[in-house]
Amino acid sequence: SEPAVRVLYWFRTDLRLHSSPALHAALALQPEVIFPVWTWDPNYVFAHRVGVNRFGFLLECMQDLSASLTALNPNTKLLVVRGAPQTVLPRLFQEWRISHIVYEIDRAGYGARRDLQVSALASQAGIKVISVVGNTLYDLKEVVELNGGKATLSLASWHAAVKKCPQPARPLPAPTTFPPLGDTSFSQAYPSLDVPIDYSTDLNNGIRNREVTCFDTFSGPKGDFGVPAIDELGLSRPTTSIRGGESEALRRLAVFCADKDRVAHFSKPQTSPAEFDPPETTLLSPFLKFGCLSVHEFFWRVRDTVASWEGGGPGKKPATKEPENLQGQLHFREMYNAAEYAEGIHFGRIYKNSVCRFIDWDLRDEFGQDGAKIIPRPLGDPRAEEWFLAWKEGRTGFPWIDAIMRQLRQEGWIHHLARHSVACFLTRGQCYISWERGAEVFDEYLLDWDPCANPGNWMWLSASAFYHMYYRVYGVQSFPKKYDKTGKLVRKFCPELSKFPDQFIYAPHLAPLEVQLSAGCVIGQDYPMPMLDDVAEKKRCMTRLKVAYALGLYGSDGAVLDGTADSL
Ligand code: FAD
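Under an unreviewed UniProt entry, the protein chain has the name FAD binding domain of DNA photolyase-domain-containing protein and belongs to Collybia nuda. Among the UniProt annotations of the protein chain, the heading Sequence similarities (unreviewed entry) holds the following wording: "Belongs to the DNA photolyase class-1 family."

Another aspect to go through is the overall build of the protein chain. Along the protein chain, the regular secondary structure elements total 21 helices and seven strands. A burial count over the protein chain gives 48% of its 568 residues as buried. Counting contacts in the protein chain only where the partners sit at least 6 residues apart, residues at least 24 apart contribute 76% of the total.

With that settled, consider the pairing of strand 2 (residues 33–40). For strand 2, a buried count of eight out of eight residues is recorded, marking the element as mostly surrounded by other parts of the structure. Burial of the side chains of strand 2 extends over both faces: Val33, Phe35, Val37 and Thr39 are buried on one face and Ile34, Pro36, Trp38 and Trp40 on the other. Examined bridge by bridge, strand 1 (residues 6–10) and strand 2 share five bridges and lie parallel to one another. The residue of strand 2 that forms the bridge with Tyr9 is Pro36. Handedness of the crossover joining strand 1 and strand 2 through helix 1 (residues 21–28) is recorded here as right-handed.

Here the focus is the site of the ligand. Taken together, 28 residues form the shell around the ligand, and within it Thr281, Thr282, Ser285, Asn454 and Asn457 come nearest. Of all elements in the fold, only helix 10 (285–289), helix 12 (326–343), helix 15 (416–429) and helix 17 (453–461) reach the threshold of two or more residues within the shell around the ligand. Residues that form the shell around the ligand fall into these classes: 13 nonpolar, nine polar and six charged.

Before going further, it helps to examine the pairing of strand 1. Strand 1 sits mainly inside the fold: five of its five residues count as buried. Side chains Arg6, Leu8 and Trp10 project from strand 1 onto one buried face, and the interleaved Val7 and Tyr9 project onto a second face that is buried too. Relative to strand 4 (residues 100–104), strand 1 is paired through four bridges, and the arrangement is parallel. If you follow Leu8 over to strand 4, its bridge partner there is Ile101.

A few words on the sheet that holds strand 1. The strands making up a sheet associate through hydrogen bonds between their backbones, and the pairing can be parallel or antiparallel. Taken together, five strands build an open sheet; the order of strands is 3-2-1-4-5 and the sheet is parallel. Edge positions in the sheet fall to strand 3 (79–82) and strand 5 (128–132), since each has one partner strand and no second. For this sheet, the mean angle separating the axes of adjacent strands, direction not counted, is 30°.

This part covers the environment of Glu444. As for its position among the elements, Glu444 is in helix 16 (residues 435–445). C-alpha separation for the pair Glu444 and Asp231, spaced 213 residues apart in sequence, amounts to 19 Å. Every residue in contact with Glu444, bar those within four places of it in the chain, is listed here: Arg49 and Gly51.

This next bit is on the nonpolar core. In terms of nonpolar packing, the biggest core is built from 150 residues, with Leu8, Tyr9, Met62 and Val81 touching the most fellow members. Of all the elements, helix 12 adds the most residues to this core, at nine residues. Every residue in contact with Val81, bar those within four places of it in the chain, is listed here: Val37, Trp38, Thr39, Trp40, Val88, Leu92, Phe218 and Phe225.

Turning to the environment of Ile230, a few remarks are in order. Examined against the element boundaries, Ile230 turns out to sit in the loop between helix 7 (155–162) and helix 8 (246–258). Among the residues examined, Ile230 registers 17 C-beta atoms within 10 Å and is labelled partly exposed. Leaving out residues up to four positions away in the same chain, Ile230 has contacts with Phe55, Gly56, Leu59, Leu235, Arg237 and Pro238.

A cis geometry characterises the amide bond from Asp277 onward to Pro278, with omega recorded as 0°. Residue placement: Pro278 occurs in the loop between helix 9 (260–264) and helix 10. Residues Glu322 and Pro323 are joined by a peptide bond in cis, for which omega reads -5°. Looking at the secondary structure, you find Pro323 in the loop between helix 11 (295–307) and helix 12. With phi around 55°, Tyr432 is a residue other than glycine that occupies positive phi space. Here Tyr432 lies in the loop between helix 15 and helix 16.

This part takes up helix 15. Over its 14 residues, helix 15 runs only 17 Å from end to end, short of the ideal 20 Å by more than 12%, given 1.5 Å per residue. Of all bends in helix 15, the biggest is about 30°, found at Ala423. All of the buried residues in helix 15 are Leu417, Ala418, Arg419, Ser421, Val422, Ala423, Cys424, Phe425, Leu426, Thr427, Arg428 and Gly429. Summarising the contacts, the buried residues of helix 15 are in contact with helix 13 (384–393), helix 14 (399–411), helix 16, helix 17, helix 18 (478–483) and helix 21 (534–551).

Turning our eyes to something else, we now look at the packing of helix 15 against helix 17. Where helix 15 contacts helix 17, the axes come no closer than 9 Å and their chain directions differ by 60°. The orientation of helix 15 with respect to helix 17, classified from their angle, is oblique. The hand of the helix 15/helix 17 crossing is right-handed. Where helix 15 approaches helix 17, its residues Arg419, His420, Ala423, Cys424 and Thr427 are matched on the opposing element by Asn457, Trp458 and Leu461. Broken down by class, the residue content of the contact of helix 15 with helix 17 amounts to four nonpolar, three polar and one charged.

In this section: the confidence of the model for the protein chain. Parts of the prediction with low pLDDT should not have their coordinates interpreted in detail. When pLDDT is averaged along the protein chain, the result is 89, and 89% of the positions lie at 70 or above. Under a pLDDT of 50 for its full length, residues 368–374 has, in the predicted model, seven contacts with residues more than four places off or in other chains. Among the prediction metrics, the complex's ipTM stands at 1.00, with pTM recorded as 0.94.

Let us look at the packing of helix 14 against helix 15. Axis separation between helix 14 and helix 15 bottoms out at 10 Å; the angle between their running directions is 115°. Considering how the two elements wind past one another, helix 14 and helix 15 form a crossing that is left-handed. Note on element contacts: helix 15 touches helix 14 through Ala418, Ser421, Val422 and Phe425, opposite Trp400, Ile401, Ile404 and Met405. Its residues placed into classes, the contact of helix 14 with helix 15 shows seven nonpolar, one polar and no charged.

Parameters and conventions
- Residues numbered from 1 in each chain as written.
- Predicted model: local features only at pLDDT ≥ 70, side-chain atom pairs only at ≥ 80, totals over all residues.
- UniProt positions renumbered as here; feature names shortened; annotations may be inferred.
- Helix = DSSP H or I, 4+ residues; strand = E, 2+ residues; numbered from the N terminus.
- Buried ≥ 20, exposed ≤ 12 C-beta atoms within 10 Å, placed from the backbone.
- Contact = placed C-beta atoms within 7 Å.
- Pairing = 2+ DSSP bridges.
- Right-handed = clockwise from strand over helix to strand, strands pointing away.
- Near = placed C-beta within 6 Å.
- Nonpolar A, V, L, I, M, F, W, Y, C, P; charged D, E, K, R; others polar.
- Axes fitted to C-alpha atoms, helices over the stretch in contact; angles between N-to-C directions.
- Core = buried A, V, L, I, M, F, W, Y, C linked by C-beta atoms within 7 Å.
- Expected span 1.5 Å × (residues − 1).
- Bend = angle between axes of the 7 residues up to and from the residue.
- Parallel < 35°, antiparallel > 145°, perpendicular 65-115°, else oblique.
- Left-handed = near helix turned anticlockwise from the far one by under 90°.
- pLDDT = per-residue confidence, 0-100.

Given below as structure tokens:
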């Protein structure tokens, strides 16, 4: 008789049941048992700065997924396995007599290299590997091949490539039944956890993230492979009000798309970075990041909503077009994914990154002769380190910047144009600090941190790649005033400034002392004075960028071509 089909379904970028081509492929095998596994990779836990909000969000996604699996079959749930997949999966293959491993393809950064290792180990063990594209609309491999093997550095080049690709598939239905879990006991003792960390993709400069507990037992503290609670990880409570999980993602998508006019007229530059309750964009990025929302579901829901919208017609405002509309937003995501895939492992750093222009930032990473050792130290302006910390902690003395940074830290999400403001300020706008430093802070605080979108957008904002109009700088007062003259975001996230009149809300240091006193906040005492002269620093940055652009000081390995950069 045919050997039994025993599937290990490996969840990673796809914490969902709806529209999952990989899960569909697993179920099509008609397995006798499926082990739905999440491996808690120490590379993720320790080699990133993942803050408490992202940890909490991820746990909620896992809990929701596990509950949905159990609702389909009381004899199943998500199995959380602690340890490096390269170490623990071969043990599971053997102990659980696995015949197939099935997963959604992850082409980004460390994920791609990990998958190569795991698929080689599976093949060695005689296990069939089935991997399916699912977290992008197009197959990145195909897109990059169509772009001549090069990174897609503009939406135009990306469009030129994808127009030869098949149209994105329609979403698949969620399963209505699910095979049971096999026996999860072990014949031998559970393996001890020797967890190799791949520091070559380390964003934490070799420092262990934190003492996260609960990773010292393979099957969890209760021995049942359960999803841990946040307290079991030894972490404090998340501060974000954003809840994770597939159910929440589908709810948010339905609410957003119920307003057809809003979907049809969505225009990213018109959405306000000052609105937060609710925000004017979808706030679906954290759900796409963990795959609780299928990008196909999102794409087609938007397309169908606009197609069924009856608001157009003569004399009416037509539906918005790319790149401002929602479809355009998803295409930006794909463009960065394809660029990262083409560039490979160096995308997240300046060093050896072939798409990134070298700029002599005042605070940037340096590399030893071996190319791997990272020694962050201030180069050039000694104020840079101080400015960096003030920026990170939301105490620059510029209320718009501080409010955004505090929102980021508290909520784990900020509007795209808010990201523009703080990223421009830190890099080419005022501080002249490397985008890598900013990207690391985003890695720590964002719920939606992504190895393609995060460095990609940071390179854009710092005019290091994708964008080169370095002379267009966001004003720290004029820009927010365009959207909100009343300073709602500042009043919420910098409560010490909440009683200032509108006139001074973005520049409270200019308010006369009696105004400061009656607002209950003296600048320089209860809220910092601006840490720098934004106009003078903007000029300085621009001059230096002009020189960096003119000299083209970067080699294919991203290193300085000669010794002159430091003395610019
Ligand atoms: P919406 O406007 O509703 O857009 C829908 C979806 O389109 C988003 O959820 C997102 O998946 C995608 N999208 C929209 N704009 C972009 C973009 N510029 N790049 C890539 N995808 C996009 N996005 C991340 O998902 N992860 C990151 O780590 C990240 N880091 C960023 C860093 C900087 C410095 C900047 C300027 C932007 C960054 N972005 C990142 C892109 C963008 O800001 C967010 O995707 C967006 O604000 C998420 O909010 P939303 O879901 O409401 O977006």
